[in-house]
Amino acid sequence: MRNPYEVLGLKEGASIEEVKKAYRELVKKYHPDRYRDNPLSDLAEEKLREINEAYDYIIKNVGNGQQRQSYQRKQSTNTSGFTGSYQYDSQMVYRIKMLIQNGNFTQAQQLLDSIQVRDSSWYYLQGLLFLRRGWYDRANVLLRRAVEMEPNNPEYRDALNRVNSQYYGYRHNPYYYGSGYRQSPDMCSICTTLWCADSLCECCGGDLIGCC
Amino acid sequence: MFGYITPDKPELKIKEFEIFRGYYCGVCRAIAKQAGHRGRFVLSYDSAFLALLLDSLNSAPVSGKPGRCLIHPLKKRFMVDYGDVLEFSSDINILLAYYNLKDKWQDEKKFFSPLGLLALRRGYKRVKKKYPVLVGDIEKGLSTLHELERSRCGQMDEASEPFAGIMQKVFEYPAEPDSVKKILGWIGYNLGKWIYLLDAYDDIEDNIKRGAYNPLVIQFRYGENENVESFRERIKKEVEFILVYSLSEMEKAFSLLDAKKNKGILENIIYRGLLEKTRQVLEMGAGCDEKPL
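Residues numbered from 1 in each chain as written. Chains lettered and ligands numbered in written order. Predicted model: local features only at pLDDT ≥ 70, side-chain atom pairs only at ≥ 80, totals over all residues. Heavy atoms only, no water.

Draft legend 1. Examining the overall build of chain A more closely. The secondary structure content of chain A amounts to twelve helices and zero strands. Expressed as a percentage of its 212 residues, the buried residues of chain A come to 40%. In chain A, the share of contacts with a sequence separation of at least 24, taken over all contacts with a separation of at least 6, comes to 45%. Carbon together with sulfur atoms contributes 53% to the accessible area of chain A, which is approximately 12500 Å² in total. (Helix = DSSP H or I, 4+ residues; strand = E, 2+ residues; numbered from the N terminus. Buried < 20%, exposed > 50% of the residue type's maximum accessible area, 1.4 Å probe, protein only. Contact = heavy atoms within 4.5 Å. Areas by Shrake-Rupley, 256 points an atom, 1.4 Å probe, with all protein chains shown as cover.)

See the structure below:
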């Protein structure tokens, strides 16, 4: 086993508080929901398992046997992705989902092509397939279409929400502050703005800056 | 390679900047070694990034020393030592630059292309011999790309697929074991997609003027009477979605990579530099004039 502190990205001897904080962040980072539509989901699962083990080890041996509360093993039922939670699928839909999940794209595409009636579930599955393959533009269009056709289906809405939150999550990630300082006003424009404001005040009889 | 992959410089530590430049210089020297000094003009940031990324998997500290070079003879600069990683990155740089020049010559008859091709010829032949399988894959990808161009493919996803596939093959080539191969491949795939589409967006005006192929112009039905500026504005949101989504997928893959060094610089590029470049190109068409560091 690797050094559990190293796994959590900490120095040996970090306090329990630090361990908990690092653990929470890592769980968020490698959460199975975040990797649901990603071809590397199995690797993320493995990573999370390693993190859980490291955390358990530290808590058991350093923090007097406290149990981890925040993230119990419930993810093991969750990680199987979209299969478990929605049981009303027809056999065809189920088969295609499994194929997509296992990365068998050609066969999934063949089955999808063979379906004549293109209802919302077809758009949904084709969207998922494109998402996994890396065809994000079409995936987005198709998933939106599926939700439009059946707005009350939680599964479709979930998928679309995942796409949107991934997009916004990265675009507004805490490390990137957008154009930030590049757009902030420089000294020159601050002075001109003040000068304008002062002139305007003077027009109305008041004064913003007394000396001019 | 297009030189879009750059760090967000103001946010780098000075030390990190010097290390990044050290890789850049290292690749440049490696190119000179393989293709002669005349080959150096093809140097690109993208291959410096490739070297930085691949080297981050080795746990040994960055090895290099200050030195002078032909182009900057006055000041000593930190340069990363020649090794497997630099060799591979510079070979890829030569290879892709060669194909790029060939393309430009065939499509646009750019005057300088034959000169460049001539300078690169020797290096290209050597590289081709070194990686026969990889070069075969790349050439197959390029011929698919040309076919899609000829048939005027009007779908962003489809049009960017061959180049993304090429980058996937390139990134996963030197990696071991399979799990790392998969991660690096997915980084390459999504970066390739991003590069191809960002370049397409960047070239809209030029391509419209010359009547050259551009997948975005076809997909979003550019009308003859339409103002180029308003066209760019009209399609911005949709293009931004696919660009940023590709980057977000790449970020996920990167999170799974066990980088042992260069982490600060890589994170700077992945969380800031690439987003900043996307913003620049979308907002003002920053171009990709590569200024040497």
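Draft legend 2. Representation of the interface of chain B and chain A within the structure. Across the boundary between the two partners, chain B contributes 37 residues, which contact 35 residues of chain A. For the pair chain B and chain A, the summed buried area comes to about 3700 Å², and 56% of that belongs to carbon and sulfur atoms. In this assembly, chain B and chain A are joined by four salt bridges. Glu251(B) is the salt-bridge partner of Arg34(A), the closest N and O atoms lying 3.3 Å from each other. Summed over the shared surface of chain B and chain A, the number is 24 residue pairs in polar contact (both at pLDDT 80 or more). Considering each element in turn, the side of chain B that touches chain A owes the most residues, 13 residues, to helix 10 (residues 228–255) of chain B. Residues that form the side of chain B that touches chain A fall into these classes: 15 nonpolar, seven polar and 15 charged. (Buried area = accessible area lost by both parts, 1.4 Å probe. Salt bridge = Lys/Arg side-chain N within 4 Å of Asp/Glu carboxyl O. Polar contact = N/O pair within 3.5 Å; in protein donor to acceptor, adjacent residues only side chain to side chain. Nonpolar A, V, L, I, M, F, W, Y, C, P; charged D, E, K, R; others polar.)

Draft legend 3. Molecular detail of the environment of Gly264(B). By secondary structure assignment, the location of Gly264(B) is in helix 11 (residues 263–284). Sequence-wise, Gly264(B) and Val62(B) are 202 residues apart; in three dimensions their C-alpha atoms are separated by 14 Å.

Draft legend 4. Representation of the packing of aromatic side chains in the model. Under the defined criterion, the tally for this structure stands at 21 aromatic pairs over all chains. Their ring planes at 15 degrees and their centres at 3.8 Å tell us that Tyr23(A) and Tyr55(A) sit as a pair that is stacked. With a gap of 32 residues between them, Tyr23(A) in helix 2 (residues 16–29) and Tyr55(A) in helix 3 (residues 41–61) connect regions that are remote in the sequence. The exposure class of Tyr23(A) is buried, given its relative accessible area of 1%. Since its relative accessible area comes to 4%, Tyr55(A) is described here as buried. Ring plane angle 80 degrees and centroid distance 5.7 Å describe the contact between Tyr99(B) and Tyr124(B), whose orientation is recorded as edge-to-face. Taken together, the positions of Tyr99(B) in helix 3 (residues 84–108) and Tyr124(B) in helix 4 (residues 113–130) put the pair 25 residues apart, joining distant regions of the chain. Among the residues examined, Tyr124(B) registers a relative accessible area of 8% and is labelled buried. Ring pairing ties together the aromatic residues Tyr136(A), Tyr167(A), Tyr168(A), Phe241(B) and Tyr245(B), which thus form one cluster. One cation-aromatic arrangement involves Lys33(B) over Tyr82(B); the distance from NZ or CZ to the ring centre is 3.9 Å. (Phe/Tyr/Trp six-rings, centres within 6.5 Å; stacked < 30°, edge-to-face > 60°. Lys NZ or Arg CZ within 6 Å of the ring centre and 35° of its normal.)

Draft legend 5. Focus on the confidence of the model for chain B. In the predicted model, chain B carries a mean pLDDT of 89, and 96% of its residues have values of at least 70. Both scores are available for the predicted complex, with the pTM at 0.85 and the ipTM at 0.86. (pLDDT = per-residue confidence, 0-100.)

Draft legend 6. Spatial organisation of helix 2 of chain A. All names here are of chain A. With 14 residues, helix 2 should reach 20 Å at 1.5 Å per residue; the first-to-last C-alpha distance of 20 Å fits that figure. Every buried residue belonging to helix 2 is among Val 19, Lys 20, Ala 22, Tyr 23, Leu 26 and Val 27, and all of these are buried. Tucked into the core, helix 2 has its buried residues touching helix 1 (4–7) and helix 3. (Expected span 1.5 Å × (residues − 1).)

Draft legend 7. Local environment of the packing of helix 2 (residues 45–55) of chain B against helix 11 of chain B. Residue and element names in this part refer to chain B. One can describe the packing of helix 2 onto helix 11 by two numbers: an axis separation of 10 Å at closest approach and a directional angle of 130 degrees. With respect to helix 11, the axis of helix 2 lies oblique. Considering only the axes of helix 2 and helix 11, their crossing is left-handed. Residues Phe 49, Leu 52 and Leu 53 of helix 2 form the contact with helix 11, whose own contacting residues are Ile 265, Leu 266 and Ile 269. (Axes fitted to C-alpha atoms, helices over the stretch in contact; angles between N-to-C directions. Parallel < 35°, antiparallel > 145°, perpendicular 65-115°, else oblique. Left-handed = near helix turned anticlockwise from the far one by under 90°.)

Draft legend 8. The arrangement of helix 9 (residues 136–149) of chain A in detail. Taking 1.5 Å per residue as the helical rise, helix 9 of chain A with its 14 residues ought to reach 20 Å, and the 20 Å between its terminal C-alpha atoms agrees with that figure. Of the surrounding elements, those touching the buried residues of helix 9 of chain A are helix 8 (120–133) and helix 10 (154–171) of chain A together with helix 6 (156–172), helix 7 (178–202), helix 9 (215–219) and helix 10 of chain B.

Draft legend 9. Region of the structure containing the confidence of the model for chain A. Residues and elements named next belong to chain A. Taken residue by residue, chain A gives an average pLDDT of 80. The fraction at 70 or more is 77%. Averaged pLDDT values over the elements of chain A bottom out at 43 in helix 5 (residues 82–85) and peak at 94 in helix 9. Scored below 50 in pLDDT, residues 68–87 shows 34 contacts in the model against residues more than four places distant or in partner chains.

Draft legend 10. Region of the structure containing a positive patch on the surface. Residues and elements named next belong to chain B. Together, Lys 102, Arg 121, Lys 125 and Lys 129 make up a positively charged patch on the protein surface. With three residues, the single largest contributor to the positive patch is helix 4. Mapped onto the elements of the fold, Lys 125 is located in helix 4. (Patch = residues over 30% accessible without salt bridge, like charges linked within 9 Å, V, L, I, M, F, W, Y side chains within 5 Å. Lys, Arg positive; Asp, Glu negative; His and termini not counted. Charge placed at Lys NZ, Arg CZ, Asp CG, Glu CD.)

Draft legend 11. Broad picture of the packing of helix 8 of chain A against helix 10 of chain A. Residue and element names in this part refer to chain A. Across the interface, helix 8 lies against helix 10 with an axial gap of 11 Å and an inter-helix angle of 30 degrees. By the angle class used here, helix 8 and helix 10 are roughly parallel. Where helix 8 crosses over helix 10, the handedness of that crossing is left-handed. Here helix 8 contributes Ser 120, Ser 121, Tyr 124, Leu 128 and Leu 131 to the contact with helix 10, which in turn contributes Glu 155, Tyr 156, Ala 159, Arg 162 and Val 163. Split by residue class, the contact of helix 8 with helix 10 holds six nonpolar, two polar and two charged.

Draft legend 12. Quick peek at the side chain of Glu16(B). All names here are of chain B. Along the chain, Glu 16 falls in helix 1 (residues 14–35). Lacking a salt bridge, the buried Glu 16 has Lys 13 as its closest oppositely charged neighbour, with an N-O distance of 4.6 Å. At a separation of 3.0 Å, a polar atom in the side chain of Glu 16 contacts the main-chain amide nitrogen of Lys 13. Setting aside residues up to four positions removed in sequence, Glu 16 forms contacts with Gly 264 and Ile 265.

Draft legend 13. Just unusual backbone geometry, in detail. Residues and elements named next belong to chain B. With an omega of -10 degrees, the peptide bond between Glu 176 and Pro 177 qualifies as cis. With respect to the element layout, Pro 177 can be found in the loop between helix 6 and helix 7. Of note in this structure, Arg 152 is not a glycine but carries a positive phi near 50 degrees. Of note, Arg 152 is situated in the loop between helix 5 (132–150) and helix 6. Backbone geometry at Arg 221 places phi at a positive 45 degrees, although glycine is not the residue there. Relative to the elements of secondary structure, Arg 221 occurs in the loop between helix 9 and helix 10.

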